[in-house]
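Residue-level structure breakdown
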Amino acid sequence: MTASLKAIDGSADLPALMNNLAAQARVAARVLSLASPEQKDRALQAMERAVRAHATAILKANAEDVAEFRTTGATAAFIDRLTLTQARIEAMAEGIAAVRAIPDPVGVITESWQRPNGMIIERVRVPLGVVAVIFESRPNVAADAGVLCLKSGNAVILRGGSDSYRSCRAIHECLAEGLRAAGLPEAAITLVPTRDRAAVGLLLTGLNGAVDVIVPRGGKSLVARVEAEARVPVFAHLEGINHVYVDHAANLDMAKKIVLNAKMRRTGVCGAAETLLIDRAGAAKTLKPLVGMLIDAGCEVRGDEAVQHADSRVKPASEEDWDAEYLDAIIAARLVDGVDGAIAHILEHGSHHTDAIVTEDENAAKKFLKEVDSAIVLHNASTQFADGGEFGFGAEIGIATGKFHARGPVGVDQLTSFKYRIHGTGQTRP
């Protein structure tokens, strides 16, 4: 399915290569912007079939990636993010099917009104153009980003990390197979064919105006670099410092289920809980059971003085722990004074990603949901639902934590902009 690493890594003129890829993507973006929903859906259907048909090849490529990076001393959480399984490939295929089932956003009239002079103004969804997605570790991002951009009429340039290089190439070939089957240009979904890190810097320049938006998916250093150096708009989140606040009015059994899932379902995803906040007024009931449950499940707990007293296995928390995104089986825990204390802590230490409250008190829940300024806030549910697939988007291209039009999971609707169409009958302005 793929060429040798040496052949692909051997580009002598990287700037020329990248500019050529971007120019081709620009042309493909024009084609996609005018493609019918039926043609795009035919491509998606063929991609779904190809992912299933080539699952063995994808797993083989991924095994080579994992084997290479095990030798580097990578953490268990990193290896988990990198690893594909048959179940994860099936989920990838199901995600493509779910995206295909979503109504096509391009051309949808979101608002329409008539002015006193008789003109009719419509606000209509249009594609962004060319999206560059720079990601690390998770090879499934290649599929998610590719199909979401296709559905929303955008061309995409994918730059995966060197860690998932072989896996991404195997997945990309499935996407290209789908494009060919539907008669769409292969440049609509481009994978940067080199491990050279300089390719990232070139993408950040916008490649002479060919790139319209950049989406980084990776660690803090990658996202910080993109946000600092990019010359085009960025949809990004820097960190997922996510909190679960257990109120004094929480149902303990529910709280235990939510906290355990939020932290331990997958510790290396951006929706994993990193800090547990417990209402001081309910600590006699909730503190010891919650902390003991986490430690028994293999999670290291770093706590304030009260949390340390609840279980001798708790390690002291430092000030740095309240601002830590562990992406591992570690959680910081402290007592706070009610929902106001939880909100104050999140305001000071949160990253505007995902935060949850567990409570049976509707007023406390309403206050938390209103005042916590995060892209996703939950009441009585795990932070691990911070995922576009769980929102019904089929997949996501990332979680945006900024204040622009794309916030939270970035799906097909968020990958569109809009234009105004005006229908007149000869009006002129006096």
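Definitions and limits used
Residues numbered from 1 in each chain as written. Predicted model: local features only at pLDDT ≥ 70, side-chain atom pairs only at ≥ 80, totals over all residues. Heavy atoms only, no water. Helix = DSSP H or I, 4+ residues; strand = E, 2+ residues; numbered from the N terminus. Rg over C-alpha atoms; globule rule 2.2 N^0.38 Å. Buried < 20%, exposed > 50% of the residue type's maximum accessible area, 1.4 Å probe, protein only. Contact = heavy atoms within 4.5 Å. Areas by Shrake-Rupley, 256 points an atom, 1.4 Å probe, with all protein chains shown as cover. pLDDT = per-residue confidence, 0-100. Patch = residues over 30% accessible without salt bridge, like charges linked within 9 Å, V, L, I, M, F, W, Y side chains within 5 Å. Salt bridge = Lys/Arg side-chain N within 4 Å of Asp/Glu carboxyl O. Pairing = 2+ DSSP bridges. Axes fitted to C-alpha atoms, helices over the stretch in contact; angles between N-to-C directions. Polar contact = N/O pair within 3.5 Å; in protein donor to acceptor, adjacent residues only side chain to side chain. Phe/Tyr/Trp six-rings, centres within 6.5 Å; stacked < 30°, edge-to-face > 60°. Parallel < 35°, antiparallel > 145°, perpendicular 65-115°, else oblique. Left-handed = near helix turned anticlockwise from the far one by under 90°. Nonpolar A, V, L, I, M, F, W, Y, C, P; charged D, E, K, R; others polar.

Quick word on the overall build of the chain
A count of helical and extended segments in the chain gives 15 helices and 16 strands. The C-alpha atoms of the chain give 23 Å as radius of gyration, which agrees with the globular expectation for 430 residues (22 Å, within 12%). With the principal axes as the frame, the chain shows a C-alpha extent of 70 × 65 × 35 Å. In the chain, buried positions account for 52% of the 430 residues. When contacts within the chain are restricted to residue pairs at least 6 apart in sequence, long-range pairs at least 24 apart make up 72% of them. Just so you have it, the chain exposes about 18300 Å², and 52% of that area is on carbon and sulfur atoms.

Describing the confidence of the model for the chain
Mean pLDDT for the chain: 93, with 97% of residues reaching 70 or above. Note that pLDDT drops below 50 for residues 1–8; the model gives that stretch 18 contacts with residues more than four away or on any other chain.

Some thoughts on a nonpolar patch on the surface
A surface patch of nonpolar side chains, about 390 Å² in accessible area, is lined by Trp113, Phe418, Tyr420 and Ile422. The biggest single contributor to the nonpolar patch is strand S16 (residues 416–423), with three residues. By secondary structure assignment, the location of Phe418 is in strand S16. Its relative accessible area of 36% is what places Phe418 among the partly exposed residues.

Some details on the sheet that holds strand S6 (residues 213–217)
Spatially, four strands are ordered S5-S4-S3-S6 in an open sheet, and the strand pairing comes out parallel. With partners counted over all chains shown, the strands left at the sheet margins are strand S5 (189–191) and S6, one partner each. Pairs of neighbouring strands in the sheet enclose a mean axial angle of 20°, with direction left out of account. Bridge count between strand S3 (residues 130–135) and S6: five bridges; the pairing is parallel. The partner of Val133 across the bridge, within S6, is Val215. This element, helix H10 (residues 220–229), spans S3 and S6 of the sheet and lies at about 165° to S6.

Re the side chain of Thr190
Structurally, the position occupied by Thr190 is in strand S5. For Thr190, a relative accessible area of 8% gives the class buried. Of the polar contacts made by the side chain of Thr190, one reaches the backbone oxygen of Ala187; its length is 3.1 Å. In this structure Thr190 touches Leu21, Val156, Ile157, Leu158 and His172, once residues within four positions along its chain are discounted.

Some words on the packing of aromatic side chains
Aromatic rings considered in pairs are described by the distance between their centres and by the relative angle of their planes. This model, assessed by the stated rule, comprises five aromatic pairs. Taking the centre distance of 6.1 Å and the plane angle of 40° together, the rings of Phe69 and Phe78 count as tilted. Their ring planes at 75° and their centres at 6.3 Å tell us that Trp113 and Tyr420 sit as a pair that is edge-to-face. Linking Trp113 in strand S1 (residues 109–114) with Tyr420 in strand S16, this pair joins segments that are 307 residues apart in sequence.

Examining the pattern of salt bridges
Charged atoms that come close allow side chains of opposite charge to pair. Tallying each qualifying case throughout the model produces 29 salt bridges. In this structure, Asp80 and Arg88 form a salt bridge, with 2.8 Å as the shortest nitrogen-oxygen distance. The exposure class assigned to Asp80 is partly exposed, which follows from its relative accessible area of 26%. Note that Glu371 is salt-bridged to Lys367, the shortest N-O span being 2.9 Å. Here Glu371 pairs with Lys367, and both are found in helix H15 (residues 362–371), just four residues apart, close to one helical turn. Given the relative accessible area of 27%, Lys367 is considered partly exposed. It is possible to trace a salt-bridge network through shared partners that takes in Lys60, Glu64, Asp65, Glu68, Arg166 and Arg195.

Quick look at the packing of helix H3 (residues 37–53) against helix H8 (residues 165–181)
At a closest axis distance of 7 Å, the pairing of H3 and H8 adopts a crossing angle of 140°. By the angle between their directions, the pair H3 and H8 is classed as oblique. Considering the relative orientation of H3 and H8, their crossing is right-handed. Across the interface between the two elements, Ala43, Ala46, Met47, Ala50 and Val51 from H3 touch Cys174, Leu175, Glu177, Gly178, Leu179 and Ala181 from H8. Among the residues forming the contact of H3 with H8, the class breakdown is nine nonpolar, one polar and one charged.

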